[in-house]
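Each chain is listed here by its residues.
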Amino acid sequence: PVHYQYKGKYVMTAVKSGLMSIDQYRANVRILYERYMEQQRSHTFRTQKLLFPDAVQFSASDAVVLEKILSDLSNVGFDVSSLGGNSYAVNGVPACVEGVDPVMLLRRMVSDAMEKGRTVTEEISSAIALSLARSAAIPYGQILSNEEMENLVNELFACSNVNYTPDGKAVLCILPQADIEHLLG
């Protein structure tokens, strides 16, 4: 195999300068974030209607933030409607986030939008894309086939920034060949 998965968390691969270690979750967050941002720019998100809509209650301050970002949420594939009294129905979610609790995802995105503290559409769009990416990314501990590792590495290196997640965390590191030789004397 070209790649090796270490402890269900890192993808190790040989590179010209040494041994590269890639955090599989962070790499997938970067990949998905860029994909979601592109889908927002091109308005290509699809909504997956829920068979049984989920109801969610927000505090007054959270409801104000949700109201401000409803159009942005709609642009990324959410179908959320007001039930009155700070309650909302989640009728649909982006088709790309299968297996994720829609209520928890919506709460996370409202929380992320509050942390940003801005109402600028691009900032909100970025926060939404990051929340979606974090929720849909490959979790730590998931064993990947060599083909999945190869796809992850290839998709990562097709990204605009391979070194850091959108929130600034390192995605990869390289142990230089000289350091390996020094350690092994």
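Refer to the structure presented above.
Every chain is numbered independently, its residues counted from 1 as its sequence is written. In keeping with the model being predicted, local features are shown solely for residues with a pLDDT of at least 70 and side-chain atom pairs are shown and tallied solely at 80 or more, while totals for entire chains, interfaces and linings include all residues. With hydrogens and water set aside, each side-chain value is computed from the structure's full complement of heavy atoms.

**Q** It is not clear to me how the sheet that holds strand β1 (residues 3-6) should be interpreted in this structure. Could you clarify?
**A** Backbone-to-backbone hydrogen bonds pair the strands of a sheet. The strands run either parallel or antiparallel. Whether two strands pair comes down to DSSP finding at least two bridges between them. Each helix is a run of H or I in the DSSP string that is no shorter than four residues. Each strand is a run of E no shorter than two, and both are numbered from the N terminus. Taken in spatial order, the 4 strands of this open sheet run β1-β2-β3-β7, and their pairing is antiparallel. Looking along the sheet, the strands with just one partner apiece sit at the ends: β1 and β7 (172-176). Between one strand and the next, the sheet's axes are offset by a mean angle of 25°, whatever the strand orientation. Inspection of the sheet shows strand β2 (residues 10-15) paired to strand β3 (residues 18-23) by 6 bridges, in the antiparallel sense. Bridging across to β3, M12 finds its partner in S21. Here an axis means a line fitted to C-alpha atoms, over the contact stretch when the element is a helix, while the angle between two N-to-C directions is reported on a 0 to 180 degree scale.

**Q** Looking at this structure, how should I read the packing of aromatic side chains?
**A** Ring pairs (aromatic) are described by centroid distance and by the angle formed between their planes. Two aromatic rings from Phe, Tyr or Trp, using only the six-membered ring of Trp, form a pair when their centres are within 6.5 Å; if the ring planes differ by under 30 degrees the pair is stacked, by over 60 it is edge-to-face, and anything between is tilted. For the coordinates displayed, the defined rule picks out 2 aromatic pairs. A ring pair is formed by Y25 and Y140, whose centres lie 5.4 Å apart and whose planes are at 50°; its orientation type is tilted. Of the two residues, Y25 sits in helix α1 (residues 24-42) while Y140 sits in the loop between α4 (121-136) and α5 (146-156), which places them 115 residues apart along the sequence. Relative accessibility under 20% of the residue-type maximum defines a buried residue, over 50% an exposed one, and the middle range a partly exposed one, all with a 1.4 Å probe and only protein chains included. Judged by relative accessible area, which is 38%, Y140 ranks as partly exposed. Measuring from centroid to centroid gives 6.0 Å for F58 and Y88, while their planes differ by 70°, and the two rings are edge-to-face. Taken together, the residues F58 in the loop between β4 (47-57) and α2 (60-75) and Y88 in strand β6 (residues 87-94) connect sequence positions 30 residues apart. The class of F58 is buried, set by a relative accessible area of 4%. By relative accessible area, which is 3% here, Y88 ends up buried.

**Q** How should I be thinking about the nonpolar core in this particular structure?
**A** Within soluble globular proteins, side chains that are nonpolar generally end up buried alongside one another. Buried Ala, Val, Leu, Ile, Met, Phe, Trp, Tyr and Cys residues form a nonpolar core when they are joined through side-chain atoms within 4.5 Å. Ranked by size, the top nonpolar core spans 31 residues in total, and within it F58, L66, L73, F78, L106 and L132 carry the most contacts. Those elements giving two or more residues to this core turn out to be α1, α2, β6, α3 (102-116) and α4. Residues I31, I138, M149 and L172 belong to the second largest nonpolar core, which totals 15 residues.

**Q** Help me understand α1, please; the structure alone is not making it clear to me.
**A** Helical periodicity: at 3.6 residues per turn, an α-helix aligns residues three or four positions apart in one direction. Between the first and last residue of a helix there are one fewer steps than residues, each counted as 1.5 Å, and that sum is the expected span. Over its 19 residues, α1 extends 27 Å from the first C-alpha to the last, a length consistent with the 27 Å expected when each residue adds 1.5 Å. The term polar contact refers here to a pair of N or O atoms within 3.5 Å; inside protein, the definition further demands a hydrogen-donor-capable atom paired with an acceptor-capable atom, and it admits residues adjacent in sequence only when both atoms are side-chain atoms. Its side-chain oxygen 3.2 Å from the backbone nitrogen of Y25, D23 forms the N-cap of α1. At the exit of α1 stands H43, carrying a positive phi of roughly 55°.

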